[in-house]
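Listed here are the chains, written in short residue letters.
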Amino acid sequence: MKYVLVTGGVVSGLGKGVTASSIGVLLKACGLRVTSIKIDPYLNTDAGTMSPFEHGEVFVLDDGGEVDLDLGNYERFLDIKLTRDNNITTGKIYQSVIDKERRGDYLGKTVQVVPHITDAIQEWIERVAFIPVDGEEGPPDVCVIELGGTIGDIESMWFVEALGQFSYRVGPGNFCLIHVSLVPVLNVVGEQKTKPTQHSVRGLRGLGLTPNILACRSAKALDDNVKEKISQFCHVPAENIVTLYDVPNIWDVPLLLRDQKAHEAILKELNLLGVARKPDLLEWTTRTKLCDILHDPVRIAMVGKYTGLSDSYLSVLKALLHASVSCRRKLIIEWVPAGDLEDVTAIEAPDSHKAAWDLLKGADGILVPGGFGDRGVQGKILAAKYAREKKVPFLGICLGMQIAVIEFARSVLGMQDANSTEFDLDTLNPCVIFMPEGSKTHMGGTMRLGSRRTFFKVLDCKSAKLYGNAKFVDERHRHRYEVNPEMIAQFESAGLAFVGRDETDQRMEIVELHGHPYFVGVQFHPEFKSRPGKPSPLFLGLIAAACGQLDTALQNNGSGIKTLPNGMGNGKSTFKGYQNGSTFKPSNGSLHFNGIYSNGNGNGNSNENGNGVHL
């Protein structure tokens with residue numbers, strides 16, 4: 001097994017996650033099988049209880065693991081399926097060591113950070129690195145490890161010590177350390193300054209780790225003299241110093257690394273030059289170029305309560321991008337704070353209220369993502385009502401689906417107090433109820449999590465056609481509340497069809513509205529399985545409906561739009577479905593998110609993803 005470790009220095013937010021993902025893409029393009037591990041030094045055992053304002057979105061895996069959003073980058077870039085153990089946290093390590101101590105596994109020894117914590121980290125890495133994640137038999141060839149945080153942080157010291165020991169134990173030729181550092185340009189002097197990188201590398205060496213390759217983040221490519229200076233003072237060959245300069249689209253980063261022959265430097269350090277082939281990135285390059293030339297816009301209103309932090313909806317944004325590229329449209333996100341749509345805002349902040357409604361009414365499609373808590377719920381209900389009445393394409397995810405059901409009950413069935421018991425325990429018309437197996441006292445890992453099967457009860461519906469006329473599909477869940485099964489007959493008699501259900505026929509998974517161009521709600525989170533070359537079928541349906549291509553998408557059974565420029569690939573979706581039971585220039589805002597354009601309300605600069613790498 002070969003290991004590539006990616007660390008970061010100087011400041012956080014340099015794009016270590018994107019760098020690690022791009023290195024994985026490059027190595028995979030060289031014919032190697034790649035897996036990934038993300039190390040997060042926080043004490044939480046997982047990301048499940050963390051606010052999106054703290055750490056961005058919570059990414060959910062097939063096995064129900066609630067993990068860091070960088071694992072979403074790994075899955076999307078490498079088209080792999082990771083496990084909860086691919087995300088290591090301080091909490092997980094300490095918990096495993098304390099459990100061993102309580103069982104007496106240490107035979108009465110004094111349990112200490114060294115060697116017990118550091119040994120546990122190394123054992124975890126070795127165990128997980130051998131787990132296949134690409135659907136093939138046998139262990140992967142290379143494991144890319146990202147160490148979260150910044151070198152010098154006190155909370156990551158034991159990980160640094162463990163990785164130093166690990167690099168010595170696996171030996172030269174099996175371990176390559178890539179250090180991501182910052183080379184800023186001071187406006188006063190206008191030159192690239194190397195001192196922060198020098199100090200960062202010196203600190204790294206002092207902790208027992210020696211970098212083999214430096215990935216320098218800068219606004220522009222490093223000047224030759226600057227590269228030579230870094231090489232001299234950091235003791236790294238000049239050919240092993242690459243520049244990660246600002247690009248408008250993160251799909252460019254693997255190409256950036258390839259053009260600077262980063263793969264050759266990595267393969268040389270891992271003694272794989274004679275094994276690996278020349279990187280084949282034709283499909284990746286074609287998709288990236290296509291994304292760069294799109295100009296016909298499609299505007300999607302994102303109605304949520306975390307619109308000030310776009311990392312909170314990172315996977316949703318990626319899924320929208322994948323679908324928009326497949327439909328040959330430039331995606332423009334209109335961030336609509338749900339609370340600003342509410343009547344109380346019209347009184348307290350009329351300008352914000354008007355601006356929010358103007359954005360909603362100017363959108364080609366509306367998306368209400370998942371969420372928790374009652375803040376902004378009434379605004380989401382108003383957005384769903386507008387989409388239903390005005391026949392605007394709509395997609396509701398998790399809470400977004402529940403919101404659509406509540407709105408329908410109030411407006412169509414006349415149940416004025418219809419609500420979710422999450423928001424009103426005393427409602428006489430509980431459209432959404434707490435799931436019986438859930439916990440009301442413990443938050444972490446107590447939801448309905450991970451991959452669950454959804455069966456199509458109505459085959460002649462938009463969702464089934466978008467999934468390739470599948471009989472059932474597997475999608476990832478994360479929720480505590482569900483649509484009340486006792487009220488389904490009333491809804492369906494009024495035209496709201498629950499076309500997808502679980503194996504018990506009691507859990508509502510997919511809802512569609514009869515007579516509407518595209519009004520779909522899903523209890524699961526389809527965004528987590530969307531890939532650049534394989535967009536989520538339901539996101540593809542939303543984008544296709546928003547730009548007048550839904551009939552074509554349905555005729556193609558969700559395989560994307562076939563009319564392509566310059567002979568480019570058709571972006572066919574090969575989403576896993578089952579049959580018969582078998583198995584850039586912005587037009588109105590700032591450049592934002594991987595070729596997505598925004599009205600500027602989201603900042604997009606959180607959690608290893610900012611500082612010029614537009615994610």
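Residues numbered from 1 in each chain as written. Predicted model: local features only at pLDDT ≥ 70, side-chain atom pairs only at ≥ 80, totals over all residues. Heavy atoms only, no water.

## A look at the overall build of the protein
Reasoning step 1: In terms of regular secondary structure, the protein is built from 20 helices and 24 strands.
Reasoning step 2: Taking all 615 residues of the protein together, the buried fraction comes to 61%.
Reasoning step 3: Element-wise, carbon and sulfur atoms account for 50% of the exposed surface of the protein, whose accessible area totals about 23,500 Å². (Helix = DSSP H or I, 4+ residues; strand = E, 2+ residues; numbered from the N terminus. Buried < 20%, exposed > 50% of the residue type's maximum accessible area, 1.4 Å probe, protein only. Areas by Shrake-Rupley, 256 points an atom, 1.4 Å probe, with all protein chains shown as cover.)

## Considering helix 9 (residues 252-259)
Reasoning step 1: The element helix 9 is extensively covered by neighbouring structure, given that 6 of its 8 residues are classed as buried.
Reasoning step 2: On the buried face of helix 9, the contacting elements are helix 1 (16-29), helix 3 (70-78), strand 9 (241-245), helix 10 (262-269) and helix 11 (282-293).
Reasoning step 3: Just beyond helix 9, the residue with positive phi is lysine 261, at close to 60°. (Contact = heavy atoms within 4.5 Å.)

## Observations regarding unusual backbone geometry
Reasoning step 1: Following valine 114, the chain continues to proline 115 via a peptide bond in cis, the omega torsion being 15°.
Reasoning step 2: Summarising the element assignment, proline 115 is placed in helix 5 (residues 113-129).
Reasoning step 3: One non-glycine residue, cysteine 398, adopts positive backbone phi at about 55°.
Reasoning step 4: Turning to its location among the elements, cysteine 398 is positioned in the loop between strand 13 (394-397) and helix 16 (399-411).
Reasoning step 5: The backbone phi angle of asparagine 469 is positive, close to 60°, even though this residue is not glycine.
Reasoning step 6: The residue asparagine 469 is located in the loop between helix 17 (462-466) and strand 17 (472-479) in this model.
Reasoning step 7: Given a relative accessible area of 33%, asparagine 469 falls into the partly exposed group.

## Digging into a nonpolar patch on the surface
Reasoning step 1: Residues Leu186, Val188 and Val189 make up a contiguous nonpolar surface patch of roughly 320 Å² in combined accessible area.
Reasoning step 2: Examined against the element boundaries, valine 189 turns out to sit in the loop between strand 7 (175-182) and helix 7 (195-206). (Patch = residues over 30% accessible without salt bridge, like charges linked within 9 Å, V, L, I, M, F, W, Y side chains within 5 Å. Salt bridge = Lys/Arg side-chain N within 4 Å of Asp/Glu carboxyl O.)

## Focus on the packing of helix 12 (residues 314-326) against helix 19 (residues 537-546)
Reasoning step 1: Remark: helix 12 packs on helix 19, axes separated minimally by 8 Å, with the N-to-C direction vectors making an angle of 60°. Between helix 12 and helix 19, the interaxial angle falls into the category oblique. Once helix 12 is placed against helix 19, the crossing between them reads as right-handed. Note on element contacts: helix 19 touches helix 12 through Phe539, Leu540, Leu542 and Ile543, opposite Val316, Ala319, Leu320, Ala323, Ser324 and Ser326.
Reasoning step 2: Split into classes, the residues belonging to the contact of helix 12 with helix 19 amount to 8 nonpolar, 2 polar and no charged. (Axes fitted to C-alpha atoms, helices over the stretch in contact; angles between N-to-C directions. Parallel < 35°, antiparallel > 145°, perpendicular 65-115°, else oblique. Left-handed = near helix turned anticlockwise from the far one by under 90°. Nonpolar A, V, L, I, M, F, W, Y, C, P; charged D, E, K, R; others polar.)

## Some remarks on the nonpolar core
Reasoning step 1: In terms of nonpolar packing, the biggest core is built from 100 residues, with Val4, Ile300, Leu320 and Leu367 touching the most fellow members.
Reasoning step 2: For this core, the element with the most residues is helix 19, which contributes 8 residues.
Reasoning step 3: In contact with valine 4, other than residues within four places in its own chain, are Ile23, Leu27, Val142, Cys143, Val144, Ile145, Cys176, Ile178, Ile266 and Leu270.
Reasoning step 4: Counting residues in hydrophobic clusters, the runner-up holds 45 residues, among them Val303, Ala387, Met415 and Phe434. (Core = buried A, V, L, I, M, F, W, Y, C linked by side-chain atoms within 4.5 Å.)

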